[in-house]
Amino acid sequence: MMLPRELHTAWRRLARRPGYAALSIGVLGVGLGVVIFLFSLINTLILTPLPLPHADRLMAVGELNRGNGSAGDTGIGIGDVDTDQYLRLAASLRGVDATGGYLGVGVSLDTGAGAARMDGVRLTASMLDLLGARPLLGRGLQAMDDRPGAPPVVLLGEDLWRHAFGADPHIVGRAVRINGDWATVIGVMPASVGFLGGSPQLWMPLRLDPAHGTDLYMVARLRAGTTLAAARQELSALDARLRRELPQWREQQALVIKPFTTSFVQEDTRRWVWLMFGAGVLVLLLACVNVANLQLVQTLNRRREMAVRSALGCGRARLMAGALAESLLLCAAALAIALPIVHYGNRWLLATFAESDKAPASFLRFGIDGGVLAFTVIAALASTALAGLVPAWRAGRTDLKDALHDGGKGSAGGFARVARGLVVAEIALTVVLLVGAGMFVRALDHLLSQPLAGARHADQVLTAHVALPRSAYPDAAARIGFLERAGERLRVEAGVLAATATNTVPGAELGSHETIAAEGESRPAGGWPEAQMGIVDPQFLDVFGVRLLEGRFFDVRDAAGGLPVAVVDRKTAEALWPGRDALGRHLLLYPDRDYSRMVTVVGVTEPLQLDSALEQPLPGLLVPLAQSADMTPLQAVGLAVRLRGAAASFAPRLEAVVHGVDPQAAAYALRSQARGAAMDRVYLVVLTEVFGALGLVALLLAAAGLYGVLAFSVAQRTREIGIRRAIGAGHGAVVRTVGRQLSWQLGLGLAIGLMLAWPWSNLLADPGLHTRGHDLAVLLPVVVLVAGIALLASLLPLLRALRVDPAVALRYE
């Protein structure tokens, strides 16, 4: 019966002090909301297993993919395999009992009103069995559908079936036009079956043909009883053997096998989620320290009451239970603030990624489920203990003689020392969190302040991809012809200043990475240098505003069959021909390859970044669209137009022009160049906003805690200050009296905080995100900011001390 009685008593005490209760609930609510929101991310992205049969045995097999470490890429991830690799691995691996492969593709679908681009997936017939997926209508893919040359078939996604075909129950057997060709609908897949990046609307057989290689993602299911370590050992041995036996075995990274879940939530993402959660725990700890300080003040004000209760036989356990009961009520009420923070935090995250076209897989459910609720209960109970433990301990040590002695300070002094110690902890934790926030804010500011060649008119440049029917455009020459016709029509449109056909967008989208060499150069010890290569037409410079420094750009002389030429940027020229003129020199594309190609440099531009600004800057290289068929396979194709006004308004007209050239062609991913660049920064923006919010909350909590303790100290020392004033002490003496406490708290807190921030900044350092550990440009401003906030927090208590009336103070208590 003790607990209900103490809860009732605590409730009455809180009702008599609504200001203290509201402040404590708000502080705890923010702390709990932050840590529960971040745990919900861990629960969704890491802890929740894939909703697939035998999910623990499903593995991704592919080449080791060492990304640049950015948040948008895998630090050490897993890539694709080619057709030959897949077929040999599927036939040779003994530790697996089933394999499958898939590839996400853009698909052009004509439902009668012109072609529209859809998200699709090509997969082996075995893949549906691995996923445990069953169609809503019709049948799934069978082995006969997956043979090269078999009649074209397709499975529709549920959303497409309902919205474009009116949920027609007789859709099975109907012919639809996909990529310009007719295919028979054999079934409808439920929307609940997700793949990378969302739910595909068109499911088609992959039809692997060794004669025509395709890159795909491989999935394998381990045999029951086979461990991941054993599978890795087998794969490593098989990879080494095939490299010895087959000279043409793909000369890339080593093959690796990892849990299939890493295909959906990459390893770098997992690392950052854990780091954010760690920062969230620090915020909750700060909130608990703050509430503990508030409760200490309240406990001190009640020390006579508790002393009397102790004298009447109330034991230490009962006194401690009363303090903990108050903390428990505060934490329970704080959940009313915390749970909405979690809800709206998840909505913000999903909206942010939806705007960037980087939506997570459809089966990843962000929100509050049983696991999050269980953690919420644990976090609330832990917060109760953390916030109430010190006040409860002090309440249990109340000394009857000191508490009843008029003006006695023994008890108050003990309380004050604990409170001041807690504020030191608050300052230290605040420094740690602000260093993290400062690192990301500085990285984003550095990125946004860098002038980027080719992005001078980013808000006025509209970019688009184009999906072309494979049957109508079977080779690069046909695709080039389409792009040239589309570009000519766009240039005569009203409001268009320039239009270009290109497979790269500076600062936003890469064409390709290719190895290069100067003519006659021997292979360097570290391998051939890599360059960012774009395939462009003669209007590229006019659209993106790139400056030509030397020579000329492409024109009618650079037609198919003519002298192969290229334009390089200044970085390439300096890397290959330092101190010499690059014009007229020969550059070798793909050195050491059977299909290597020699080109002549005819121009030099300013330094380019033909990729996301987050990616590592590399030399830049442009080749003419008209000659690209003789140099490299032209896969992705696109258009870009520079307009007099904002880019978005021209999007419908660009789609109409593409349909006008060919009704079976579809323009998609229409966005301004500025938006494309922003989309690639979304991971850095999310990290900056999360760590920035955590740092701001920490700063406010520390300021509130410091203010509370200083105000409490001034109130406790009112008689002392009054006596000093009465015997002639001036303002300076009073300021020194109060300032001594502030200076040692602030100095000790900053010192401890910097010692903790040193390794913390090392954890957050990431070259791909431009964050650097031990960065004085971050550490020093943090110290100044915390010191400034501490001085502001002390201002009001100091003014109160200076206004103490000696006559009133001498009558205090």
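Each residue is numbered by its place in its chain's sequence as written, counting from 1. Totals for whole chains, interfaces and linings use all residues, but because this is a predicted model, local features are given only for residues with pLDDT of at least 70 and pairs of side-chain atoms are given and counted only at 80 or more. Side-chain measures were taken over the full set of non-hydrogen atoms in the model, leaving aside hydrogen atoms and water.

A. Region of the structure containing the sheet that holds strand S21 (residues 638-643). Pairing in this open sheet of four strands is antiparallel, and the strands run S13-S21-S12-S22 from one edge to the other. Because the sheet does not close on itself, it has two edges, and the strands there are strand S13 (496-501) and strand S22 (666-672). Averaged over all pairs of adjacent strands, the angle between their axes in this sheet comes to 20 degrees, without regard to strand direction. Alignment of strand S12 (residues 461-467) against S22, held across five bridges, turns out to be antiparallel. Counterpart to leucine 462 in the pairing with S22 is serine 672. In the packing of helix H13 (residues 476-491) onto the sheet, contacts are made with S12, S13 and S21, and the angle to S13 comes to roughly 175 degrees. The criterion for strand pairing is that DSSP finds at least two bridges linking the strands in question. Helical segments are the DSSP runs of H or I of at least four residues, strand segments are the runs of E of at least two, and each set is numbered from the N terminus. Note on definitions: angles span 0 to 180 degrees between N-to-C directions of axes, and those axes are lines fitted to C-alpha atoms, for helices only across the stretch in contact. It only takes one pair of heavy atoms within 4.5 Å for two residues to be counted as in contact.

B. How the structure looks around the pattern of salt bridges. Salt bridges are defined as contacts in which a side-chain nitrogen from Lys or Arg sits within 4 Å of a carboxyl oxygen from Asp or Glu. Tallying each qualifying case throughout the model produces 17 salt bridges. Arginine 221 serves as the salt-bridge partner of aspartate 97, at 2.9 Å between the closest nitrogen and oxygen. With aspartate 97 in strand S3 (residues 96-110) and arginine 221 in strand S10 (residues 217-222), this pair connects stretches of sequence that are 124 residues apart. Across the pair aspartate 555 and arginine 552 runs a salt bridge, and its minimum N-O distance is 3.5 Å. What you see here is one network of salt bridges that share partners, running through Arg552, Asp555, Arg557 and Asp558.

C. Spatial organisation of the side chain of glutamate 158. Looking at the element boundaries, glutamate 158 is found in helix H5 (residues 158-164). For each residue, the accessible area found with a 1.4 Å probe, counting protein chains only, is set against the maximum for its type, and the residue is called buried under 20%, exposed over 50%, and partly exposed in between. The exposure class assigned to glutamate 158 is buried, which follows from its relative accessible area of 17%. Ignoring any residue separated from it by four or fewer positions in sequence, one finds glutamate 158 in contact with Leu136, Val188, Met189, Pro190 and Ala191.

D. Representation of the nonpolar core. By convention a nonpolar core is built from buried Ala, Val, Leu, Ile, Met, Phe, Trp, Tyr and Cys residues, the set being connected through side-chain atoms within 4.5 Å. Ranked by size, the top nonpolar core spans 112 residues in total, and within it Leu38, Phe260, Phe691 and Val786 carry the most contacts. Counting residues per element, this core draws most heavily on helix H2 (residues 18-47), which supplies 15 residues. Every residue in contact with leucine 38, bar those within four places of it in the chain, is listed here: Met276, Phe277, Gly280, Val690 and Leu694. Residues Ile480, Phe482, Val604 and Phe650 belong to the second largest nonpolar core, which totals 46 residues.

E. Highlighting the packing of helix H3 (residues 83-92) against helix H6 (residues 228-245). Here H3 crosses H6 at 125 degrees, and the two axes come no closer than 12 Å. Relative to H6, H3 is oriented oblique. Between H3 and H6 the crossing geometry is right-handed. Residues Arg88, Leu89 and Ser92 of H3 form the contact with H6, whose own contacting residues are Glu234, Leu235, Leu238 and Leu242. Classifying every residue of the contact of H3 with H6 by side-chain character gives four nonpolar, one polar and two charged. In what follows, roughly perpendicular refers to angles from 65 to 115 degrees, roughly parallel to angles under 35, roughly antiparallel to angles over 145, and oblique to any angle outside these ranges. Should the near helix be turned anticlockwise from the far one by less than a right angle, the crossing is termed left-handed; should it be turned clockwise, right-handed. Under the convention adopted here, Pro, Cys and the residues Ala, Val, Leu, Ile, Met, Phe, Trp and Tyr are nonpolar, Asp, Glu, Lys and Arg are charged, and Gly plus all remaining residues are polar.

F. Quick peek at the pairing of S12. In terms of burial, S12 is largely enclosed, as seven of its seven residues are buried. Side-chain alternation along S12 places Val461, Thr463, His465 and Ala467 on one buried face and Leu462, Ala464 and Val466 on a second face that is also buried. Pairing analysis gives five bridges linking S12 to S21, with the strands arranged antiparallel. Note on S21: the bridge partner recorded for threonine 463 is alanine 640.

G. Spatial organisation of the confidence of the model for the protein chain. Per-residue confidence from the predictor is reported as pLDDT, which spans 0 to 100. A residue-level look at the protein chain finds 81% of positions with pLDDT of 70 or above and a mean pLDDT of 81. Ignoring residues within four places in sequence, the model shows residues 66-76, a span with pLDDT below 50, making 42 contacts including any to other chains. Taken together, the stretch residues 406-412 has pLDDT below 50 and engages in 13 contacts with residues farther than four places along the chain or on a different chain.

H. Layout of empty space enclosed by the protein. The rule is simple: put a 1 Å grid over the protein atoms alone, call a set of points where a 1.4 Å probe fits but cannot get out a cavity, call an open set with protein on both sides within 12 Å along at least five of seven lines a pocket, and count a residue as lining if it has an atom within 4 Å of a point. Grid points are joined across faces, edges and corners, and a volume is the space filled by probe spheres set on the points. Inspection of every chain in the model, using the stated rule, returns eight cavities of 30 Å³ or more. Estimates place the volume of the largest cavity at around 100 Å³. What lines the largest cavity is a set of 15 residues, and nearest its centre among them are Ala464, His465, Val505, Glu509 and Gly638. Residue composition of the lining of the largest cavity, grouped by class: seven nonpolar, six polar and two charged.

I. Structural view of the side chain of glutamine 627. Turning to its location among the elements, glutamine 627 is positioned in the loop between strand S20 (620-624) and S21. In protein, a polar contact means a hydrogen-donor-capable atom and an acceptor-capable atom, both N or O and within 3.5 Å, with residues adjacent in sequence counting only if both atoms are side-chain atoms; elsewhere, any N or O pair within 3.5 Å suffices. Polar contacts involving the side chain of glutamine 627 include one to the main-chain amide nitrogen of valine 565, which spans 3.2 Å.

J. Structural detail: the packing of H13 against helix H16 (residues 651-661). H16 packs onto H13 with a crossing angle of 130 degrees between their chain directions and a minimal axis gap of 10 Å. Taken as axis vectors, H13 and H16 run oblique relative to one another. Of the two elements, H13 crosses H16, and the hand of that crossing is right-handed. Between H13 and H16, the residues in contact are Phe482, Arg485, Ala486, Arg489 and Leu490 and Leu654, Val657, Val658, Gly660 and Val661, respectively. Classifying every residue of the contact of H13 with H16 gives seven nonpolar, one polar and two charged.

K. A look at the pairing of strand S7 (residues 175-178). Residues Val176 and Ile178 line the buried face of S7, whereas the alternating positions Ala175 and Arg177 sit on a face that is not buried. One ladder, built from two bridges, connects S3 with S7; its direction is antiparallel. Paired with leucine 109 across the two strands is isoleucine 178, which belongs to S7. Two strands pair when backbone bridges link them, and S7 and strand S8 (residues 181-189) are joined in this way by four bridges, in the antiparallel orientation. In the strand pairing of S8, isoleucine 178 is matched with aspartate 181.

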